[in-house]
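# Tertiary structure, described
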Amino acid sequence: MRLPASLNVLLLGGGGREHAFAWKIAQSPRLGKLFIAPGNAGTASLGMNVDLNPTNFGSLKQFILTNNINLVVVGPEEPLVKGVWNFVHEDEEIHHVPVIGPSLEGARLEGSKDFAKTFMVRHNIPTASYRSFSKANIEEAYAFIDSLKAPYVLKADGLAAGKGVVILDSAEAAKAELNEMLGGKFGAAGNTVVIEEFLSGIECSVFVATDGKNYKVLPVAKDYKRIGEGDTGPNTGGMGAISPVPFADTAFMEKVRTTIIEPTIKGLADEKITYKGFIFIGLMNVGGNPYVIEYNVRMGDPETEAVMLRIESDIIDLFEGMAFGTLDKTELVVSPKTAATVVCVAAGYPSAYHKGDEITGLADINGSTVFHAGTVARGGKVYTNGGRVLAVTSLGESIEEAVSRSFDTIENIHYDGKYFRRDIGKDLM
Ligand code: AMP
Ligand code: GLY
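Residues numbered from 1 in each chain as written. Chains lettered and ligands numbered in written order. Predicted model: local features only at pLDDT ≥ 70, side-chain atom pairs only at ≥ 80, totals over all residues. Heavy atoms only, no water.

### Description of helix α11 (residues 315-324)
For α11, the buried fraction is high: 9 of the 10 residues fall into the buried class. Every buried residue belonging to α11 is among Ile315, Ile316, Leu318, Phe319, Glu320, Gly321, Met322, Ala323 and Phe324, and all of these are buried. One side-chain oxygen at the N-terminal end of α11 lies 2.6 Å from the backbone nitrogen of Ile316; it belongs to Asp314. Directly beyond the C-terminal end of α11, a positive phi value near 75° is found at Gly325. (Buried < 20%, exposed > 50% of the residue type's maximum accessible area, 1.4 Å probe, protein only. Helix = DSSP H or I, 4+ residues; strand = E, 2+ residues; numbered from the N terminus. Polar contact = N/O pair within 3.5 Å; in protein donor to acceptor, adjacent residues only side chain to side chain.)

Here is the structure:
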């Protein structure tokens, strides 16, 4: 089985990750029409933005039928965790349309931290030691906290919009946080809480494309999560990304392959879990050995923006290999250059921030690719429409060169309250 020679693609999502996907998909000679739901001001120049809620599966089906969609690519986790793959696969009228993403069962690797931990234990995949607790065994949780050394890592089991991981320095604070989580701070996502050993090291993001049997490792990236320079202040959706990551060298990646990637794919297959999508493995390098911090069942944002700039081969060919189990025959060509993404955010982010400020300077961009994250177009102008506004990405021969190109581009883009981190990549230089 193959995709048609010319095909119509529906991409779900509307952030920087989806603009980067759309940019790459639009370069394929195989593309017919590209639709992005809901998209943003950046994706509007590459395809047609459509007012479709990615978790409203009924309207998704109608859209697929009306527009002769041949492939659905899912950007964010929510539709996957809600079962979009199964919905399409089990519907007689649209089951011939491949969905790039895991099944409902596979999406539990991100949708339930407890499931992900038990999966890693079953398949002997290195991760922090842990236990899971609910209201019923809170006394045991207190005793477990007392048995650990600071700092304490608490994770709400379910999806909590990226806010469900809390790290605390004292046992008292950890117990108080546990009470709040079990008391509904994150709604039902916190009914179960994973408490785990703190791992110290440096993190990176490994992206794997799989058809359930074969796999391709995409460029490795590092993202910068905190709002402030020097990795200070509150967590954000991501303030920048660098790819490749110097410490993820051949020897380290060989360990990642043999101790993490291969056991993960084999584990999914052994458990009869259908997975034709991306696996994003958040890793901690602990003294040269990789440990899994978390799985995500989609690509990362802003890592995708950096990763897409380094992929030279056709992305539709990659999707085809993932969908039809032929990834072993798919060619993936990666540029040796370095990509640097610097995210420009709105003033106040990640707390309350302002929307609707006009963005200028986007017309004459040189030396960078500006992916839109939270933007909207109105009457020929572009306005801020989210906390993360733009993901300015550049290639270079070194980290220094790539980041300085992104900084130069940012100097010429203006909106009220523009903020970005000037230390992206510094720790890797
Ligand atoms: P997550 O929301 O799962 O991406 O987790 C947020 C961040 O918490 C991770 O990127 C890590 O920086 C940190 N983290 C999570 N688990 C651990 C752990 N076991 N040890 C140290 N840091 C951790
Ligand atoms: N950059 C981290 C994430 O996408 O979850």
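### A few points about the site of ligand 1
As a matter of local geometry, ligand 1 sits amid 15 residues, with Glu196, Leu199, Glu203, Lys225 and Glu294 nearest to it. Within the side chain of Glu196, one N or O atom sits 2.7 Å away from a nitrogen atom of ligand 1. Between a nitrogen atom of ligand 1 and a main-chain N or O atom of Glu197, the distance comes to 2.9 Å. Summarising the interface, the protein chains cover 89% of the accessible area of ligand 1, which totals 480 Å² for the free molecule. The set of elements that each furnish at least two residues to the shell around ligand 1 consists of β7 (152-156), β8 (165-168) and β18 (289-296). Here the residues of the shell around ligand 1 are counted per class, giving 8 nonpolar, no polar and 7 charged. (Near = heavy atom within 4 Å. Areas by Shrake-Rupley, 256 points an atom, 1.4 Å probe, with all protein chains shown as cover. Nonpolar A, V, L, I, M, F, W, Y, C, P; charged D, E, K, R; others polar.)

### Concerning the sheet that holds strand β11 (residues 215-217)
Strand pairing in a sheet relies on backbone hydrogen bonds, with the paired strands running either antiparallel or parallel. Here 4 strands make up an open sheet; going across it, the order is β11-β10-β17-β18 and the pairing antiparallel. Only two strands of the sheet have a single partner each, and these edge strands are β11 and β18. This sheet shows a mean twist of 35° between the axes of neighbouring strands, independent of strand direction. (Pairing = 2+ DSSP bridges. Axes fitted to C-alpha atoms, helices over the stretch in contact; angles between N-to-C directions.)

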